[in-house]
Amino acid sequence: MNAAVRIEALVKSFGRTRALDGLDLTVRTGEVHGFLGPNGSGKTTTIRILLGQMRADAGRAELLGGDPWRDATELHRRLAYVPGDVTLWPSLTGGEVIDLLGRVRGGLDPRRRDELLERFELDPRKKCRAYSKGNRQKVALVAAFASDVELLVLDEPTSGLDPLMEAVFNECVLREKGDGRTVLLSSHILSEVEALCDRVSIIRAGRTVESGSLTGLRHFTRTSVTAQLTGPTPALAALPGVYDLTVDGTRLRCQVDGDALTAVLGELSKVGVRALTTHPPTLEELFLRHYEGAAR
Amino acid sequence: MTGTWTLIRLILRRDRVLLPVWIAISALLPLSVASATAALYTDQAARDAFAAASMSNPAQLAMRGPVYEASLGGLTAWTLGSSGALIGALVSVLLVIRHTRAEEETGRRELLASGVVGRHAPLAAALTVVLAANLLLGLLSVPGLVGQGLPVGSSVLFGLSTASAGWAFAAVAALTAQLTAASGTARGLAVAVGGLLFAVRSVADSEGVAWLAWLSPFGWARLTRPYAGDRWWVLAVVVVAVAVLTAVAFALSTRRDVAGGLLPARRGPATGTIRGAYGLAWRLHRSALVGSGIGFCLLGALVGVAAHGMDAQVDTPQFRELVATIGGPGASISEVFFTFVMYVLSQLVTAVALVSALRARSEEAAGRAELLLAAPVGRVRWALSHLVFALAGPALLLAVMGAAAGLAYDGGALRVAGATLAYLPAVWTMVGFATLLVGVLPRQAAAVSWSVFGLIMLVDLLAEFKLVDGSVRDLSPFVHVPATLLEGASAAVVPLLGLTAVAGVLAAGGVALLRRRDLVPSG
């Protein structure tokens, strides 16, 4: 399998803090890969190592077939990066920054640049000191999307954008994917990842806790069931694979393991069902499951 | 105005070092000038001769204005009146902008404004602190002056006259802070107004257009005539001007948004022509380089003109003795003066060069380097793009300053430029040191560089008064620069090559270490 990013057992410490503690991450060429984790879990540190801005203490990192530290300059010709907190040169205009970044990456497509400026509703003649956080992010995004590269590394790229602009961003990412580019998208916004990503890696405290396709991950989780019944509620609590059962008159809610669903639905239909909603777990729920340990 | 008191305490907390240092130095300066004047010009004849020479030197008239009275007090007020006002004005402008517009620009003001802080409170707090600080430094100078045997009333007036320039420019800065959204522009505007008004006073005094001086706060600071007639009522002019400017500033601040300016923000080009790391570095260093180039050119010319009349002006036995100890027997006063001033100015050039040398680090700390280095720009290339300006910048500044000084002095542009350029290896050594620190201790690089630079200046100063040992003094790179005007150029080669080699090793080490370490953004 051809991988754009291959990280194995990466370790990085800052003083006594262990920011990365054996992290694994594989991003296949051509996929949009979600890199999920709460703040401080090591996403940005991982990206900085991938960009050759930091050196790992241990483990292996490979980027586009090269060594991210040793071959940094060469590899950077083939990628574009949008940091989570974009700071720009206050005396330059947004247009100047976009063209500077484009030029050092070997030129950008002027038609695509203008189209992106229009779609993101960004005024390129303003000085960077006058831009809001969201607008600074747009400058970096336009520069990244307008350049002809194989890999986009986006670190929480929508944290300053309003919902309308998030929609534009999503379209842009899907278009990049359509053009065969690889995208590494770090985020703690789950809906964004759900809408865009082929596969996700979930990390916590510097370790990868889960990795795979969204469907694959859901396989291990429960389905939420809400039912309005016509008769007395059955004794579901006794069934294996049923969790968090709450009963309110004829209303019933619970979480059900995938292999227990048949049994549960059988019990419900014996009583009679007036209304039934089931939904697959959102990433929110995936997340809660993985991080409830950390919260305690 | 709600919250003004809280903000005043915040300002005092943030400037807890800067404010006391500024006030202490400004309050002690009059005492040291008065005692030096008393020591140098012991009798009335010497004072009269000095005053007459000063009044016939256009550069002195332009810088300081006329000597109103050739007494100890009169000469002290003349020596310090104008420069004291200038320093007070500059510091006041910087402080007011720092606590008003700069706060808004960074968005910290917004954080406060959402709390219980009235919309006028930040401006009121900044003005209160700066006006009070000026008053304090004026009054604190009184005991020292009285201790030199000067009358109390005149000394208070002298202190208030110095303070009055600070007041006036605090008010000017309060006004310019309302105009633009960028703190740099607001600061530049206030400083430009200051420069213009200083020029107005210069023209008034050197060209004999006396009434012009009434248009400038720098004129008012002298027109109070302390120790020479004590015109207290001139202070009323200052108070009225400050009141009017402040009222306008408050009125304007109600008519604009937080973080907005009354003048529209300037727009720039929609497309860029910056080609790469070096193009970007040029854009970032350009305005500072051009600005300081003009500044040092003017400074050099001023020094040249001043040295012109020097031989006659300070021809006292005490001064001749001083000159002989520094420059050896037969040295001319103006050459010794030149040598000393160039020494001081070369340290000023070093300060400018240090800012350039630390620029790479400030780019890194702000996170801007991250964006550029994630593109195909190598670390070394990026570091060198800034280092080039830290090395070539001071060369240009020293050459321009020396050439201007030489031209204004006796037409010998090359000779004096050669003497100033002799300081280049010493400046480079400091640049190399800062570059090494950026490579080794990125977080502390700026603080350590500036502290070491300050220490070196202090050691040089103490050595000047023979208060420290020669071996300690040898640690300063500036000490190893031969005074080519006094000793001839032949003495120069070995120490200058040595310093250049040290600078080269330090800088190369710094860049090599920078390439090997992690990037460390601040926060």
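Note that this is a predicted model, so its numbers are computed, not measured.

Trainee: A description of the state of the cysteines should follow, citing residues and the corresponding values.
Mentor: The tally for this structure, following the rule as stated, stands at zero disulfides over all chains. Not part of a disulfide, Cys197(A) finds its nearest cysteine sulfur in Cys172(A), a span of 15 Å.

Trainee: With reference to specific residues and values, describe the pattern of salt bridges.
Mentor: Taken as a whole and judged by the stated rule, the model has 34 salt bridges over all chains. Residues Lys177(A) and Asp198(A) are paired through a salt bridge, measuring 2.8 Å at the closest nitrogen-oxygen approach. Residue Lys177(A) is found in helix H6 (residues 163–178), and its partner Asp198(A) is found in the loop between helix H7 (190–196) and strand S8 (199–204); the two are separated by 21 residues along the sequence. Classification of Asp198(A) as partly exposed rests on a relative accessible area of 27%. Put simply, Arg201(B) and Asp205(B) hold a salt bridge, and the shortest N to O gap is 2.4 Å. You can see Arg201(B) and its partner Asp205(B) sitting in helix H10 (residues 183–206), four residues apart, about one turn around the helix. Pair check on accessibility: Arg201(B) and Asp205(B) agree, each one buried. Among the charged side chains, a salt-bridge network with shared partners connects Arg112(A), Glu115(A), Asp148(A), Arg175(A), Glu176(A), Asp179(A) and Arg181(A).

Trainee: Now, about helix H16 (residues 333–357) of chain B: what can you tell me, with residues and values included?
Mentor: The end-to-end C-alpha distance of H16(B), which contains 25 residues, comes to 36 Å, matching closely the 36 Å that a straight helix rising 1.5 Å per residue would cover. Within H16(B), 18 of the 25 residues are buried, which leaves it mostly tucked inside the rest of the structure.

Trainee: Residue-level account of the pairing of strand S11 (residues 242–248) of chain A, with values.
Mentor: Residues and elements named next belong to chain A. In terms of strand pairing, S11 meets strand S12 (residues 251–256) through five bridges, oriented antiparallel. What sits directly across from Thr246, in S12, is Arg253. With antiparallel pairing between neighbouring strands as the criterion, S11 and S12 make up a hairpin whose turn holds two residues, including Gly249 at a positive phi of roughly 65°.

Trainee: Can you lay out the interface of chain B and chain A for me, pointing to particular residues and giving the numbers?
Mentor: Taken together, the 36 residues of chain B in the interface contact 35 residues of chain A. For the chain B face of the interface with chain A, the top three residues by lost area are Arg267(B), Leu371(B) and Pro376(B), together amounting to 21%. Scanning the region where chain B abuts chain A turns up four salt bridges. Taking the shortest distance from any N to any O, the salt bridge between Asp123(A) and Arg267(B) comes out at 2.7 Å. Taken together, chain B and chain A are joined by 24 residue pairs in polar contact (both at pLDDT 80 or more). Those elements giving two or more residues to the side of chain B that touches chain A turn out to be helix H13 (277–308), helix H17 (359–366), helix H18 (368–373) and helix H25 (493–516) of chain B. Ranked by the residues each element gives to the side of chain B that touches chain A, the list is headed by H18(B), at five residues.

So, how was this worked out
- Residues numbered from 1 in each chain as written.
- Chains lettered and ligands numbered in written order.
- Predicted model: local features only at pLDDT ≥ 70, side-chain atom pairs only at ≥ 80, totals over all residues.
- Heavy atoms only, no water.
- Disulfide = S-S within 2.5 Å.
- Salt bridge = Lys/Arg side-chain N within 4 Å of Asp/Glu carboxyl O.
- Helix = DSSP H or I, 4+ residues; strand = E, 2+ residues; numbered from the N terminus.
- Buried < 20%, exposed > 50% of the residue type's maximum accessible area, 1.4 Å probe, protein only.
- Expected span 1.5 Å × (residues − 1).
- Pairing = 2+ DSSP bridges.
- Contact = heavy atoms within 4.5 Å.
- Buried area = accessible area lost by both parts, 1.4 Å probe.
- Polar contact = N/O pair within 3.5 Å; in protein donor to acceptor, adjacent residues only side chain to side chain.

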